[in-house]
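So the chains spell out like this:
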Amino acid sequence: MIRSASDDQRIVITGIGLTAPNGDNLADYRAALLAGKSGVEPYNIRYIGDTLAGVCHFNELKYQGRKDVRRGTRAGSVSIYCAREAVADSGIDWEAIDRERVGVYIGLTEHGNVETENEVYEISQFNYDTKVWTHHHNPRTVANNPAGEITLNMGITGPHYTIGAACAAGNAGLIQGAQMLMLGECDFAIAGGVSESIRTFGIFAGFASQGALASHADPTKASRPFDRGRNGIVVSEGGCIYTLERYGDATRRGAKIYGELVGWSMTSDATDFVLPNPTQQARCMNQALKRAGLNAEDIDIVSTHATATPSGDVQECIALRTVFGESKRTHINNTKSFIGHAMGAAGSLELAGNLPSFQDGVCHATINVDDLDPECDLPGLVLNEPRETQGVEYILNNSFGMLGINSAVIIKRV
């Protein structure tokens, strides 16, 4: 179904707040992507020992006190930092806004594992005596925690919840925020995705047991989507949250606009726990194009999901050839090559890294491709160096996840 052209049905991005392994704001993050700067570094975690990860270095005390950080969660701190930065970036008068009409919609891969692992470890030091179990456990581990911590920190009394959508969650948060604005359920949406995944040893152990955990002598070269020598995922943390508004509201207050959400889709594979289905991935992209009233040839940049797993990258490339194989103008890139896989934050972070292309006309590269896998050789693939375009009007952002959840969003330059 083609969206309405009414200003109340046009949803735009007016603020961006983020923390990534290679930058804590959009300007620094974009500069790192254009300069080929990786954020992957050596990392040590309980029971796993030395490994690699994408680690964020934002100032968690910028918007929280030490007591708040101790009581809350890492995902909550990421969320608060990104939400506050996004609202500040939007230029809205936060003191004057009706906070009953603000909605908070945060995508997550998982939540609660970090806190539970830490707390089980703590009681193991006391012979598993549950009397020392923290009374903060329940509010820390409920699924709505990161979104709820934003509302507590910012005094928001409108709706809040999280969207569990595996590694499609960043896109899912954005889609949910847009839909709630279109339905009139809120007037200002704080939406995106966050992840604290590197704080849990379980995710490293799980990928290692699958043979899907990346390794490399040089940490900055460990995340290698599309390269013949790729050997798995670099686990990363991060967050990217957007402020969304109706086009009419944004223009009336003179807000800067990063782009307009003109198409989106979410589909399911119904195939396998972890192996993607390229037919369903292609269907997801085509549905997003149909909603936006576009053809594949209209898309200037496709931001891929590719995680640097041998089978996953190939499956996505099959889907991309199906949809964009005949497009002469479409550039294709990947952001995980710089920051690893930020799980619930991946989709929203990867989109943010491409949005400045609307202004500078440059498509950032996929780095660490020294020996392109022939099965991943795509028309328009931008490798190792940024590429000047003839102008960017539309960006399509792919994010896919376990259990066969697929998402695609399309953003238009305004």
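Keep in mind that this is a model prediction, so the values were computed, not measured. (Residues numbered from 1 in each chain as written. Predicted model: local features only at pLDDT ≥ 70, side-chain atom pairs only at ≥ 80, totals over all residues. Heavy atoms only, no water.)

Chemist: Account for the overall build of the protein, naming residues and giving values.
Modeler: Across its full length, the protein holds 14 helices and 14 strands. What you see for the protein is a C-alpha radius of gyration of 20 Å, in line with the 22 Å of a compact globule of 414 residues. Along the three orthogonal principal directions, the C-alpha set of the protein runs to about 65 × 55 × 40 Å. Burial statistics for the protein: of 414 residues in total, 61% are counted as buried. Partitioning the contacts of the protein with sequence separation of at least 6, the portion at a separation of at least 24 is 78%. Accessible surface computed for the protein: about 15700 Å², of which carbon and sulfur atoms make up 49%. (Helix = DSSP H or I, 4+ residues; strand = E, 2+ residues; numbered from the N terminus. Rg over C-alpha atoms; globule rule 2.2 N^0.38 Å. Buried < 20%, exposed > 50% of the residue type's maximum accessible area, 1.4 Å probe, protein only. Contact = heavy atoms within 4.5 Å. Areas by Shrake-Rupley, 256 points an atom, 1.4 Å probe, with all protein chains shown as cover.)

Chemist: An account of the confidence of the model for the protein is needed here, citing residue identities and associated values.
Modeler: When pLDDT is averaged along the protein, the result is 97; 99% of the residues meet or exceed 70. Of all the helices and strands in the protein, helix α4 (residues 113-124) carries the lowest mean pLDDT, 95, while strand β1 (residues 11-19) carries the highest, 99. (pLDDT = per-residue confidence, 0-100.)

Chemist: Describe the nonpolar core, and please don't skip the residues or the numbers.
Modeler: Residues Ile16, Tyr242, Leu244 and Leu355 are the most contacted members of the largest nonpolar core, which totals 46 residues. Non-local contacts of Ile16, meaning those with residues more than four positions away in its chain, are made with Leu26, Glu85, Ala86, Asp89, Cys240, Ile241, Tyr242, Tyr258, Ala352 and Leu355. Listed in part, the 27 residues of the second largest apolar core include Ala282, Val302, Ile332 and Ile410. (Core = buried A, V, L, I, M, F, W, Y, C linked by side-chain atoms within 4.5 Å.)

Chemist: Account for the pairing of β1, naming residues and giving values.
Modeler: Where burial is concerned, most of β1 is hidden: nine out of the nine residues are buried. Across three bridges, β1 lies against strand β8 (residues 259-268) in antiparallel orientation. Each bridged residue has a counterpart across the sheet, and for Ile11 the counterpart in β8 is Leu261. Pairing between β1 and strand β7 (residues 238-246): eight bridges, direction antiparallel. Its bridge partner being in β7, Gly15 is matched across the sheet by Thr243. (Pairing = 2+ DSSP bridges.)

Chemist: Before we move on, could you go through the environment of Ala255 and cite the residues and values that matter?
Modeler: Its place among the elements puts Ala255 in the loop between α9 (247-252) and β8. A relative accessible area of 15% places Ala255 in the buried class. Remark: the alpha-carbon pair of Ala255 and Ser79, spanning 176 residues in sequence, is separated by 23 Å. Those residues in contact with Ala255, other than ones at most four positions away along the chain, are Thr14 and Ala250.

Chemist: Go over helix α8 (residues 201-210) with me, naming the residues and quoting the values.
Modeler: Quick reminder: α-helices carry 3.6 residues per turn. Residues three or four places apart thus point the same way. Along α8, the positions that sit buried rather than exposed are Ile203, Phe204 and Phe207. Within α8, the buried residues cover an arc of 100 degrees as seen down the axis, which keeps them to one side. In the core, the buried residues of α8 are packed alongside β2 (40-45) and β3 (49-54). Its side-chain oxygen 3.1 Å from the backbone nitrogen of Gly202, Thr200 forms the N-cap of α8. (Arc of directions from axis to C-beta. Polar contact = N/O pair within 3.5 Å; in protein donor to acceptor, adjacent residues only side chain to side chain.)

Chemist: Residues and numbers for the packing of aromatic side chains, please.
Modeler: Taken as a whole and judged by the stated rule, the model has six aromatic pairs. A centroid spacing of 6.0 Å and a plane angle of 25 degrees characterise the contact between Tyr43 and Phe204, whose relative ring orientation is stacked. Taken as a pair, Tyr43 in strand β2 and Phe204 in helix α8 lie far apart in primary sequence, 161 residues in all. A residue is classified by how much of its surface remains accessible, and Tyr43, at 15% relative accessible area, is buried. Residue Phe204 is classed as buried on the basis of its relative accessible area of 0%. A ring pair is formed by Phe58 and Tyr81, whose centres lie 4.9 Å apart and whose planes are at 45 degrees; its orientation type is tilted. Of the two residues, Phe58 sits in the loop between β3 and α2 (66-71) while Tyr81 sits in helix α3 (residues 74-90), which places them 23 residues apart along the sequence. Residue classification places Tyr81 among the buried residues on the basis of a relative accessible area of 7%. Feature note: the residues Phe58, Tyr63 and Tyr81 constitute an aromatic cluster, connected by ring pairs. Lying over the aromatic face of Tyr247, Arg10 brings its terminal NZ or CZ to 3.9 Å of the ring centre. (Phe/Tyr/Trp six-rings, centres within 6.5 Å; stacked < 30°, edge-to-face > 60°. Lys NZ or Arg CZ within 6 Å of the ring centre and 35° of its normal.)

Chemist: Could you give an account of the pattern of salt bridges, with specific residues and numbers?
Modeler: Here the idea is simple: oppositely charged side chains can pair when their charged atoms come close. Summed over the entire model, instances satisfying the criterion amount to 23 salt bridges. Of the charged contacts, one joins Asp370 and Arg224 as a salt bridge, the two residues approaching to 2.8 Å between their closest N and O atoms. Residue Asp370 is located in the loop between β11 (362-363) and β12 (387-388), and its partner Arg224 is located in the loop between α8 and β7; the two are separated by 146 residues in the primary sequence. The exposure class assigned to Arg224 is buried, which follows from its relative accessible area of 6%. Arg230 is the partner of Asp313 in a salt bridge, and the nearest nitrogen-oxygen pair spans 3.3 Å. On the criterion of sequence distance, the pair formed by Asp313 in helix α11 (residues 310-324) and Arg230 in the loop between α8 and β7 is long-range, its members being 83 residues apart. According to the relative accessible area criterion, Arg230 is buried, its value standing at 7%. A network of salt bridges, in which partner residues are shared, links Arg101, Asp187, Arg246, Asp249 and Arg252. (Salt bridge = Lys/Arg side-chain N within 4 Å of Asp/Glu carboxyl O.)

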